[in-house]
Amino acid sequence: MSRDASRPRSTFTGWRRAALAAALLLAGGAALALLRPFDASGPGWPVSPALPEPVVAPPADLPAAMVPPARLPPRHLPARIHRVVEVARGDTLVTVLQRVGVGRAEAHEVATRLVRGPFDPRVLRPGQALELELEPVREGVRLAGLSIAVDFARELRLVRDGDDYALEQVELPVVRRPQLATGTVEDSLFLAATAQGVPAALVMELVRLLSWDVDFQRDLQPGDRFVILYEEEEQPDRGDRRPGGILYAALGLSGQTLAFYRFEHADGRVDYYDPQGRSLRKSLLRTPVDGARISSRFGLRHHPILGYTKMHKGIDFAAPTGTPVYAAGDGVVEFAGRNGSYGNYVRIRHNGEYKTAYAHLSRFAKGIRRGVRVRQGQVIGYVGSTGRSTGPHLHYEILVGDRQVNPLSVRQPSSEKLAGAELERFRRTVAAIDALGERLARSSLVASRE
Ligand SMILES: [Zn+2]
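Before going into details, it helps to say that this report is about the structure given with it. On a predicted model such as this, the values are computed, not experimentally measured, just so you know.

## Notes on the overall build of the protein chain
Per the secondary structure count, the protein chain includes 8 helices and 23 strands. For the protein chain, the residues scored as buried account for 30% of the 450 residues in total. Across the protein chain, every contact between residues at least 6 apart in sequence was considered, and the portion connecting residues at least 24 apart equals 65%.

## Concerning the nonpolar core
Of all hydrophobic cores here, the largest spans 35 residues; its most connected members are Leu189, Ala193, Leu206, Phe226, Ile228 and Ala249. Secondary structure elements with two or more residues in this core: β6 (175-184), α6 (189-195), α7 (200-210), β7 (225-235), β8 (240-253), β9 (256-264), β10 (270-273) and α8 (420-449). At 6 residues, the largest contribution of residues to this core is made by β8. Once you skip the residues sitting within four places of it in the chain, Leu189 turns out to touch Val203, Val207, Phe216, Leu220 and Phe226. In this structure, Ala336, Tyr358, Val374 and Tyr382 belong to the second largest nonpolar core, which totals 33 residues.

## A closer look at the environment of Gly384
Structurally, Gly384 is set in the loop between β21 (379-382) and β22 (393-400). As a C-alpha pair, Gly384 and His360 span 24 residues in sequence and 5.5 Å in three-dimensional space. Setting aside residues no more than four positions away along its own chain, Gly384 makes contact with Thr321, Asn344, His360, Leu361, Ser362, Arg363 and Pro392.

## Some details on helix α5 (residues 104-116)
Between its first and last C-alpha atoms α5 spans 18 Å; for 13 residues at 1.5 Å apiece the expected length is 18 Å, and the two agree. Those residues of α5 that are buried are in contact with α4 (93-99), β3 (140-151), β4 (154-161) and β5 (164-171).

## Concerning the pairing of β22
Among the 8 residues that make up β22, 7 are buried, leaving the element largely enclosed by the rest of the structure. Judged from the 4 bridges that link them, strand β14 (residues 315-318) and β22 form a sheet pairing that is antiparallel. Note on β22: the bridge partner recorded for Phe317 is Leu394. Pairing analysis gives 6 bridges linking strand β18 (residues 354-361) to β22, with the strands arranged antiparallel. Paired with Tyr358 across the strands is Tyr396, a residue of β22. With 3 bridges connecting them, β22 and strand β23 (residues 403-405) associate as antiparallel partners. Bridge assignment links Leu399 to a residue of β23, and that residue is Gln404. Remark: 2 residues form the turn of the hairpin made by β22 and β23, two consecutive strands paired antiparallel; Gly401 in that turn has positive phi of roughly 65°.

## Side note on unusual backbone geometry
A positive phi angle is found at His360, which is not glycine, with a value near 70°. Here His360 lies in strand β18. For His360, a count of 26 C-beta atoms within 10 Å puts it in the buried group.

How each quantity is defined
Residues numbered from 1 in each chain as written. Predicted model: local features only at pLDDT ≥ 70, side-chain atom pairs only at ≥ 80, totals over all residues. Helix = DSSP H or I, 4+ residues; strand = E, 2+ residues; numbered from the N terminus. Buried ≥ 20, exposed ≤ 12 C-beta atoms within 10 Å, placed from the backbone. Contact = placed C-beta atoms within 7 Å. Core = buried A, V, L, I, M, F, W, Y, C linked by C-beta atoms within 7 Å. Expected span 1.5 Å × (residues − 1). Pairing = 2+ DSSP bridges.

Honestly, it's all geometry; don't read function into it.
And the structure:
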């Protein structure tokens, strides 16, 4: 157990208790669907006009059919044709434009314009939709406008301006909807939380955030309760949804509650703090791999391959080949390559004192090589069985100086404690998040009585 005695013992109170009561009253995740939607879209985002229904896989002969016979005078031409085209495998911008009838020269000109600007050609993915405005001309059609989704909430728009084109990057509105999920762990937190509708990516983030404080294999027991208040983001124009961030989470571990709140600093940096304002981001993660079980601890053991008693200078986590391995802390890659009996091996230097090492990897994550800076939680490689190994596992070491120490017993000071004006702002954030949680819990209680 790593929790120190100074952490205040608390129990679920107020809205957290109400949320848990609601969870008990309601079967499954139906309650979440009944929660009142909450619109907290960001400040001053332009609201773009509603887009028409996308046309998926349009018939290839449509452009020609829509072009009137050349003998008609121009004033009889239809003004504009709006098309949504789905990108097929192997498509380039040029082939997409030519398929809808844009001439070869113009298609090349448009593509060149975009690539020279802020457009990354790799964002064109199969299945992606391109919106096109086409103008019939005597020879066929020409492009009047084009818009491409760059990412979840940004769009690149190109608009014809005489014989030239104007390019602009447009921020799309994002609607954030808070969701409250509560439940009881039976097999694992992952299964219990995803069963309540919490996106898998957020549960993994939660596990990462708590991995210094919680040994998920030993500390978390069946019957332990959880509350997760998180946001879901929606881009209303396209109807796309994605998980937002965790606003608050609490885990009841045999009578003790671990809780934390999201807090955005004045400089925009986001981090998580316990109710007293102490950072959750400790120096190093204790478990740098998700869903793994410790298969061998630090200390003397009978070596399975060498056949004699030997000091095991790390912790082994059994996990399937290919399971992502995370950097245990921010730092610089000191070594990434083949390293004798360690097999594929990464070592990260975190500060003057601590290093961590990861052995037997099946492969390295893209871009991981000596001298590269990594962030805590970043994927650096994948579990494997290279080197002297009997099966897929991660061998994980924490080094102080150049000596291996027991990762389970090394205790580092909590890296940050909010103070002064930041602590005041944090308290207001806590009050706002509590009020939101209370409202959501109440509305689910009301819904359960109706
Ligand atoms: Zn080992």
